[in-house]
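Chain residues, written in single-letter form:
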Amino acid sequence: MAIQLDQHHRQAIIVWYLLQHSLSGWQRLFNHFPNFDTMLTPSSIGQWESLGLHAQHLKRLRAYHAGELHQELRQLLDRTERTCDFVLLKDDTHYPHQLLVYNDAPPLLFGQGNIQALSHPQVAMVGSRKPSAHGKQISYDFAYYLSQQGFFITSGLADGIDAAAHEGGLKHQRTIAVVGTGLDLCYPQQHQVLQQRIVAEGGCVISEFLMGSKALQHHFPRRNRIVSALSVGVIVVEAKQDSGSLITARLAAEQGKQVFAIPGHIYSESHKGCHALIREGATLVDHPEQVVLDLALPAHWQSQHHVNCLNGSNISNTENNNEATLPTHLFQLYQMLDWEGQDLDQLAFALQQPVADLTAELMELELLGLCMQQSGRYIRCRQRI
């Protein structure tokens with residue numbers, strides 16, 4: 001685990017540090033400056049002031065140009081390189097495409113583990129930090145089934161429902177944790193081993209927060225918006241009326257995602273939040289197959305038989321659920337595909353690529369079971385392993 005940050009990413013981290021994770025401040029700067037070089041020159045101080053940035057941000061900028069933060073920033077950058085397997089900006093190829101449609105998409109993502117996990121279809125699972133034993137079992141069972149069907153299970157590494165969902169997803173090496181701290185910390189601390197297992201077993205852990213960022217209360221709603229934005233649907237397993245999980249569910253609804261809620265006993269306080277979501281229009285589910293059917297991703301999953309035929313084998317791979325790494329030269333195209341489909345002209349225009357080369361790459365994706373053509377449109381799909 002070690003990366004070498006280039007100048008572009010180092011400057012981005014410095015700006016993110018000066019702004020102390022302010023999304024609005026970042027947006028104001030990028031609406032005004034063409035790049036990080038002009039943003040960080042000593043002559044830019046007056047322009048930062050004219051943008052109405054917070055006084056603390058301006059104070060940090062002056063301290064930066066006075067040389068007072070150099071040691072602190074050097075330690076931050078060194079810690080980032082030691083801790084992270086990747087750092088993503090919005091213009092990076094591997095930045096999750098599904099986040100780009102939102103105005104509050106994180107400017108930076110710090111990550112550990114399998115970067116390609118972020119490009120796969122994800123289902124978020126959230127719920128109480130103090131669930132019943134029954135709720136934990138349901139969370140595990142749903143995550144186990146959905147990960148077996150090819151979905152990555154995305155959650156927030158919290159106690160209770162989150163942890164059970166990660167454990168279920170780990171059985172098929174398909175889970176992603178979005179955390180509310182820097183990646184060099186773990187919250188709650190007792191999940192350090194779980195976090196390490198996610199990284200080691202084919203998943204990944206991501207955060208928008210700089211190294212050393214502690215578990216502050218206002219970090220978790222920000223984490224929740226990423227959990228829901230990454231996913232094609234959100235399942236609330238068990239939640240009280242005032243549960244923070246309802247924030248994730250409502251964020252998901254605002255983002256246009258399908259929200260699922262698992263019902264419980266009518267007298268159970270632990271299920272009142274789920275019942276409220278159902279009354280507000282969430283989809284009631286009592287079996288994970290209903291989630292698969294309701295999401296109904298175009299072309300659904302490629303059959304096991306088809307995948308085995310392409311591999312020249314009729315043996316089902318039940319021992320090892322690792323997915324083959326997507327070839328580097330196909331990743332940008334795969335990122336451009338979606339679940340609704342685009343025609344060849346759209347893809348060629350977006351990628352600025354010759355049609356002949358694009359057609360060859362699309363054929364490669366089809367042979368890998370990662371793309372399907374329907375009515376002249378190319379659709380992303382994910383084979384069942």
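Note that the structure is predicted; figures quoted are calculated from it, not measured. (Residues numbered from 1 in each chain as written. Predicted model: local features only at pLDDT ≥ 70, side-chain atom pairs only at ≥ 80, totals over all residues. Heavy atoms only, no water.)

A.B. asks: Describe the nonpolar core, listing the residues and the values that go with them.
C.D. replies: The biggest cluster of nonpolar side chains holds 43 residues, and the ones touching the most others in it are L18, L29, W48, L108 and F110. At eight residues, the largest contribution of residues to this core is made by helix α1 (residues 7-19). With residues up to four places along the chain from it excluded, the contact list for L18 reads L40, W48, H57, R60, L61, Y64 and L69. L109, A117, F152 and A261 belong to the second-largest nonpolar core, a separate cluster that totals 32 residues. (Core = buried A, V, L, I, M, F, W, Y, C linked by side-chain atoms within 4.5 Å. Buried < 20%, exposed > 50% of the residue type's maximum accessible area, 1.4 Å probe, protein only. Helix = DSSP H or I, 4+ residues; strand = E, 2+ residues; numbered from the N terminus. Contact = heavy atoms within 4.5 Å.)

A.B. asks: An account of empty space enclosed by the protein is needed here, citing residue identities and associated values.
C.D. replies: Applying the stated criterion across every chain, the model contains one cavity of 30 Å³ or more. What lines the largest cavity is simply R129, G156, L157, A158, V179, G180, T181, Y187, P188, F220 and R223. Class assignment for the residues of the lining of the largest cavity results in six nonpolar, three polar and two charged. (1 Å grid on protein atoms, 1.4 Å probe; cavity = no way out; pocket = protein on both sides within 12 Å on 5 of 7 lines; lining within 4 Å. Points joined across faces, edges and corners; volume = space filled by probe spheres on them. Nonpolar A, V, L, I, M, F, W, Y, C, P; charged D, E, K, R; others polar.)

A.B. asks: Which residues make up the side chain of Q342, and what values do they have?
C.D. replies: Among the structural elements, Q342 can be located in the loop between α15 (328-336) and α16 (344-351). Residue Q342 is classed as buried on the basis of its relative accessible area, which comes to 11%. Filtering out sequence-adjacent residues up to four positions away, Q342 remains in contact with M336, L337, L347, G376, R377 and Y378.

A.B. asks: So what's going on with the pairing of strand β11 (residues 377-380)? Which residues, and what values?
C.D. replies: Across four bridges, strand β10 (residues 371-374) lies against β11 in antiparallel orientation. The residue of β11 that forms the bridge with C371 is R380. Where β10 hands over to β11, the hairpin turn is made up of two residues, of which S375 adopts a positive phi near 55°. (Pairing = 2+ DSSP bridges.)

A.B. asks: Would you mind going over the packing of helix α10 (residues 219-230) against helix α11 (residues 245-254) in detail, with residue names and values included?
C.D. replies: In contact at an axis separation of 9 Å, α10 and α11 are set at 50° when each is read in the N-to-C sense. Relative to α11, α10 is oriented oblique. When the axes of α10 and α11 are compared, the crossing they make is right-handed. Here P221, N224, R225 and S228 of α10 come into contact with α11, specifically with T248, L251 and A252. For the contact of α10 with α11, the class distribution of residues is three nonpolar, three polar and one charged. (Axes fitted to C-alpha atoms, helices over the stretch in contact; angles between N-to-C directions. Parallel < 35°, antiparallel > 145°, perpendicular 65-115°, else oblique. Left-handed = near helix turned anticlockwise from the far one by under 90°.)

A.B. asks: Tell me about the sheet that holds strand β8 (residues 258-261), residues and numbers included.
C.D. replies: Here nine strands make up an open sheet; going across it, the order is β1-β2-β6-β5-β4-β3-β7-β8-β9 and the pairing mixed. Strands at the two margins of the open sheet, each flanked by one partner only, are β1 (86-89) and β9 (283-284). Across four bridges, strand β3 (residues 122-126) lies against strand β7 (residues 233-236) in parallel orientation. By the bridge assignment for β7, A124 is matched with V234.

A.B. asks: Provide a residue-level description of the layout of surface pockets, including the pertinent values.
C.D. replies: Size it by volume and the largest pocket reaches roughly 490 Å³. For the largest pocket, the lining is made up of 22 residues, of which H97, Q98, L337, D338 and W339 are closest to its centre. Elements supplying a minimum of two residues to the lining of the largest pocket: α10 and α15. Class assignment for the residues of the lining of the largest pocket results in 10 nonpolar, eight polar and four charged.

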